[in-house]
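Architecture and fold: a report
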Amino acid sequence: GIQVEQSPPDLILQEGANSTLRCNFSDSVNNLQWFHQNPWGQLINLFYIPSGTKQNGRLSATTVATERYSLLYISSSQTTDSGVYFCALNYNTDKLIFGTGTRLQVFP
Amino acid sequence: EPEVTQTPSHQVTQMGQEVILRCVPISNHLYFYWYRQILGQKVEFLVSFYNNEISEKSEIFDDQFSVERPDGSNFTLKIRSTKLEDSAMYFCASSDLTGQTEAFFGQGTRLTVV
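Residues numbered from 1 in each chain as written. Chains lettered and ligands numbered in written order. Predicted model: local features only at pLDDT ≥ 70, side-chain atom pairs only at ≥ 80, totals over all residues. Heavy atoms only, no water.

Turning our attention to the sheet that holds strand β7 (residues 59–64) of chain A. Two pairing modes exist for strands in a sheet, parallel and antiparallel, and in both the strands are linked by backbone hydrogen bonds. All names here are of chain A. With antiparallel pairing, the five strands of this open sheet are ordered in space as β1-β3-β8-β7-β6. The sheet is open, and its two edges are formed by β1 (4–7) and β6 (52–56), each paired on a single side. Across the sheet, the mean angle from the axis of one strand to that of its neighbour is 15 degrees, orientation sign disregarded. Sheet topology places strand β3 (residues 19–25) next to strand β8 (residues 69–74); six bridges connect them, and they run antiparallel. The partner of Arg-22 across the bridge, within β8, is Leu-71. (Pairing = 2+ DSSP bridges. Helix = DSSP H or I, 4+ residues; strand = E, 2+ residues; numbered from the N terminus. Axes fitted to C-alpha atoms, helices over the stretch in contact; angles between N-to-C directions.)

So, in structure tokens, the structure goes:
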């Protein structure tokens, strides 16, 4: 089956720093989403981005489907950005396959 | 903004008991899903449901699990005889027509089996 790998697994930042999270996948996909899992466990939709670039405030994402990766950029990080970031994708089925996540901790 | 809602937010149950987790998907969505996340691990697919039947299920979704859409708004996951290893966060999700467009997740039900 398709492999979804995220890097880095852990990231520690000071408030105000920028970061790039990466999602690599092993085959072509129909759909790719980024989620933020907050400390209460809720999965928050960040981006639906099967290809191209999108921006939402301090966050932006780029998917290069032909090269099988997606990047999530967080600028001017805040303590509320802490949590786990997952990419998830559809591969010829309806189910989403989740990556292993990047755990982000932002300190004041 | 439309959202997926799940109840209860927390459930504690004794081993061997039956539990029903409830979800109200987004109203115009036609595809419904259950996922689970064991503490500290990644989110895993359990089952997808479309047109009143299961369209896909994982190997985790064995005979102790069942899903139902009892009316026009609710979508439920039943675990018939809970085991300790069923302790996890369970997420309901829904998506619109094609099933391969953006999926929206509920806030989760944390199930603890003691």
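The rest of the description comes next.
Moving on, we come to the pattern of salt bridges. Following the criterion strictly, the structure yields three salt bridges over all chains and no others. A salt bridge links A:Arg58 to A:Asp81; the nearest nitrogen and oxygen atoms lie 2.9 Å apart. Here A:Arg58, found in the loop between β6 and β7, pairs with A:Asp81, found in the loop between β8 and β9 (83–90); they are 23 residues apart in sequence, far enough to count as distant. Judged by its relative accessible area of 6%, A:Asp81 is buried. For B:Glu44, the salt bridge goes to B:Arg36, with nearest N and O atoms at 3.4 Å. (Salt bridge = Lys/Arg side-chain N within 4 Å of Asp/Glu carboxyl O. Buried < 20%, exposed > 50% of the residue type's maximum accessible area, 1.4 Å probe, protein only.)

Here the focus is the layout of surface pockets. As a volume, the largest pocket reaches approximately 490 Å³. Around the largest pocket, the lining is made up of 29 residues, and of these A:Gln37, A:Arg103, B:Gln37, B:Leu39 and B:Gly40 lie nearest the centre. Element by element, the count of residues in the lining of the largest pocket is highest for strand β11 (residues 102–107) of chain A, at four residues. In terms of residue class, the lining of the largest pocket is built from eleven nonpolar, 14 polar and four charged. Of the voids in this model, the second largest pocket is the one considered here, and its volume is about 300 Å³. Forming the walls of the second largest pocket are 13 residues, and the residues nearest its centre are A:Leu43, A:Ile44, A:Asn45, B:Glu3 and B:Phe105. The set of elements that each furnish at least two residues to the lining of the second largest pocket consists of β5 (43–48) of chain A together with β10 (104–105) of chain B. (1 Å grid on protein atoms, 1.4 Å probe; cavity = no way out; pocket = protein on both sides within 12 Å on 5 of 7 lines; lining within 4 Å. Points joined across faces, edges and corners; volume = space filled by probe spheres on them. Nonpolar A, V, L, I, M, F, W, Y, C, P; charged D, E, K, R; others polar.)

Another aspect to go through is the sheet that holds strand β8 (residues 75–79) of chain B. All names here are of chain B. On the basis of which strands lie adjacent, the open sheet formed by four strands has the order β1-β3-β8-β7 and antiparallel pairing. Of all the strands in the sheet, just β1 (5–7) and β7 (65–68) have a single pairing partner and so form its edges. The average undirected angle you get between the axes of adjacent strands in this sheet is 20 degrees. Inspection of the sheet shows β7 paired to β8 by four bridges, in the antiparallel sense. Bridging across to β8, Val-67 finds its partner in Leu-77.

Okay, the packing of aromatic side chains next. Residue and element names in this part refer to chain B. Under the counting rule described, the total for this entry stands at 14 aromatic pairs over all chains. Between Tyr-31 and Tyr-50, the ring centres sit 4.3 Å apart and the planes meet at 10 degrees, which makes this aromatic pair stacked. A residue pair is termed long-range when its members are at least 10 positions apart, and Tyr-31 in strand β4 (residues 31–37) and Tyr-50 in strand β5 (residues 44–50) qualify at 19 residues. Looking at Tyr-50, the relative accessible area reads 34%, which means it is partly exposed. Centroid distance Tyr-35 to Phe-45: 5.6 Å. Interplanar angle 70 degrees. Geometry classified as edge-to-face. Of this pair, Tyr-35 sits in strand β4 while Phe-45 is found in strand β5, placing the two residues ten residues apart along the sequence. Comparing Tyr-35 with Phe-45, the two get one shared label, buried. (Phe/Tyr/Trp six-rings, centres within 6.5 Å; stacked < 30°, edge-to-face > 60°.)

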